[in-house]
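What follows is the residue order along each chain.
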Amino acid sequence: MPPRPTAAQLVYGSAAVVVSTLVLLLLTQARSVAGVGFAATAALGIGVLVALAAAPRRASRPHEAAAARGSEPRAAAAEQPAHR
């Protein structure tokens, strides 16, 4: 399953859709169904782009991912001496 969007992605994407729809309708002064449909479609595209841009960054290397999780990589843990 694909990852679920975060709350920030939903909020930013929704706000971008609403604001960009209003701006596009005011700037183009669209009166026809086709004009309003184009503005709505463009606004949805902008909202998707904003939501994707708000996605959390992923670590590119295993040790960065382990540091982000707050745990040690297994290799470093194996090198530590065992206490008896």
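Placed above this text is the structure.
Let us look at the structure shown here. Everything numeric here is computed off the predicted structure, so don't read it as measured data.

### A word on a nonpolar patch on the surface
Taken together, the side chains of V18, V19, L22, V23 and L27 define a hydrophobic patch exposed on the protein surface, amounting to about 480 Å² of accessible area. For V19, the location among the structural elements is in helix α1 (residues 7-28).

### Details of unusual backbone geometry
Located in the positive-phi region is Q29, a residue other than glycine, with phi close to 50°. Tracing the chain through its elements places Q29 in the loop between α1 and α2 (33-53).

### Regarding α1
End to end, α1 covers 31 Å across 22 residues, agreeing with the expected 32 Å (1.5 Å per residue, within 8%). Along α1, the positions that sit buried rather than exposed are Q9, G13, A16 and S20. Seen along its axis, α1 keeps its buried residues to an arc of 60°; they face one direction. Projecting away from the buried face of α1 at angles above 90 degrees are the exposed residues A7, V11, V19, L22 and L26. In this fold, the buried residues of α1 make contact with α2.

### What to know about the layout of surface pockets
Considering only enclosed or pocket space, the largest pocket measures out at about 270 Å³ in volume. Looking at which element gives the most residues to the lining of the largest pocket, the answer is α1, with four residues.

### Concerning the packing of α1 against α2
For any two helices packed against each other, one specifies the crossing angle of their axes together with the interaxial distance. Orientation of α1 relative to α2, taken along the N-to-C sense of each, is 150°, at an axis distance of 8 Å. Viewed along their axes, α1 and α2 adopt a mutual orientation that is roughly antiparallel. Two packed elements cross with a definite hand, and for α1 against α2 that hand is right-handed. Taking contact as the criterion, the partners of Q9, Y12, G13, A16, V17, S20, T21, L24 and L25 in α1 are, on α2, V36, A39, A42, A43, L44, I46, G47, V50, A51 and L52. Its residues assigned to classes, the contact of α1 with α2 shows 14 nonpolar, five polar and no charged.

The rules we used
Once a new chain begins, its residue numbering starts again from 1 and follows that chain's sequence as written. Reporting in this predicted model follows two pLDDT cut-offs: at least 70 for local features of residues, and 80 or more for side-chain atom pairs to be given and counted; totals over whole chains, interfaces and linings ignore these cut-offs and use all residues. Note that the side-chain values use all heavy atoms of the structure and ignore hydrogens as well as water. Patch membership requires over 30% relative accessible area and the absence of a salt bridge. Like charges are linked within 9 Å, and nonpolar side chains (Val, Leu, Ile, Met, Phe, Trp, Tyr) within 5 Å. Note on areas: these come from Shrake-Rupley sampling with a 1.4 Å probe, and a residue is covered only by the protein chains present in the view. Counted as salt bridges are all cases of a side-chain nitrogen of Lys or Arg within 4 Å of a carboxyl oxygen of Asp or Glu. Helix and strand assignments follow DSSP, with helices taken as H or I runs no shorter than four residues and strands as E runs no shorter than two, numbered in order from the N terminus. Expected span of a helix: the number of residues minus one, times 1.5 Å. Burial status follows relative accessibility: with a 1.4 Å probe on protein chains alone, a residue under 20% of its type maximum counts as buried, one over 50% as exposed, and anything between as partly exposed. It is the directions from the helix axis to the C-beta atoms whose arc is reported. Contacts are assigned to residue pairs with any non-hydrogen atoms lying within 4.5 Å of each other. Detection works on a 1 Å grid of protein atoms alone, calling trapped sets that fit a 1.4 Å probe cavities and calling open sets with protein on both sides within 12 Å along at least five of seven lines pockets, with lining residues defined by an atom within 4 Å of a point. Grid points are joined across faces, edges and corners, and a volume is the space filled by probe spheres set on the points. All axes here are fitted lines through C-alpha atoms, helices being fitted over the stretch that makes contact, and every angle between N-to-C directions spans 0 to 180 degrees. Our angle categories are set so that under 35 degrees counts as roughly parallel, over 145 as roughly antiparallel, 65 to 115 as roughly perpendicular, and the remainder as oblique. Handedness of a crossing is defined here by the sense of rotation of the near helix relative to the far one, left-handed for an anticlockwise turn of less than a right angle and right-handed for a clockwise turn. Amino acids are sorted into nonpolar (Ala, Val, Leu, Ile, Met, Phe, Trp, Tyr, Cys and Pro), charged (Asp, Glu, Lys and Arg) and polar (every other residue, Gly among them).

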